[in-house]
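Secondary and tertiary structure notes
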Amino acid sequence: MSRIDLPMPTREALAGALRRHLKNELDLEVKGFDALFLLDWITEHAGPHFYNQGLADAQALVRKKADDFVEAISHLEQPARY
């Protein structure tokens, strides 16, 4: 899997949210680049797990839809007359 690269506006918004969360929930002050570095670490280490779960969810949805198509096609069968 290639590296997860988020656009800078997204990274900055997430870093801000992370800073606020750490301050509000843990009374931990994280400033400037520290929040971006922490976000990058989380993205690098946790990101693949979330990505893989997303792929698994998509595969399950595609399988369900494929089963629905197979069932719909089977309803089109006509009885054979001899």
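Residues numbered from 1 in each chain as written. Predicted model: local features only at pLDDT ≥ 70, side-chain atom pairs only at ≥ 80, totals over all residues. Heavy atoms only, no water.

**A short note on the nonpolar core**
- Core analysis: the biggest nonpolar cluster contains 7 residues, these being Ala15, Leu18, Leu22, Val30, Ala35, Leu36 and Leu39.
- Elements represented by at least two residues in this core include exactly helix H1 (8–26) and helix H2 (32–74).
- Once you skip the residues sitting within four places of it in the chain, Leu39 turns out to touch Arg11, Leu14, Ala15 and Leu18. (Core = buried A, V, L, I, M, F, W, Y, C linked by side-chain atoms within 4.5 Å. Buried < 20%, exposed > 50% of the residue type's maximum accessible area, 1.4 Å probe, protein only. Helix = DSSP H or I, 4+ residues; strand = E, 2+ residues; numbered from the N terminus. Contact = heavy atoms within 4.5 Å.)

**Some points on the packing of aromatic side chains**
- For the coordinates displayed, the defined rule picks out 1 aromatic pair.
- Relative to Phe37, the ring of Phe33 has its centre 6.3 Å away and its plane inclined at 35°; by these criteria the two rings are tilted. With Phe33 and Phe37 both in helix H2 and 4 residues apart, this pair spans about one turn of that helix. Of the two residues, Phe33 and Phe37, both sit in the exposed class. (Phe/Tyr/Trp six-rings, centres within 6.5 Å; stacked < 30°, edge-to-face > 60°.)

**Here we look at the layout of surface pockets**
- What the largest pocket holds in volume is close to 160 Å³.
- Contributing to the lining of the largest pocket are 11 residues, with Arg3, Ile4, Asp40, Thr43 and Glu44 lying nearest its centre.
- Among the elements that take part in the lining of the largest pocket, H2 stands out by supplying 4 residues, more than any other.
- When grouped by side-chain class, the residues that make up the lining of the largest pocket number 4 nonpolar, 2 polar and 5 charged. (1 Å grid on protein atoms, 1.4 Å probe; cavity = no way out; pocket = protein on both sides within 12 Å on 5 of 7 lines; lining within 4 Å. Points joined across faces, edges and corners; volume = space filled by probe spheres on them. Nonpolar A, V, L, I, M, F, W, Y, C, P; charged D, E, K, R; others polar.)

**Considerations on the environment of Leu55**
- Looking at the element boundaries, Leu55 is found in helix H2.
- The partly exposed category is assigned to Leu55, whose relative accessible area is 41%.
- Counting along the chain gives 17 residues from Leu55 to Ala72, while the straight-line C-alpha distance between them is 25 Å.

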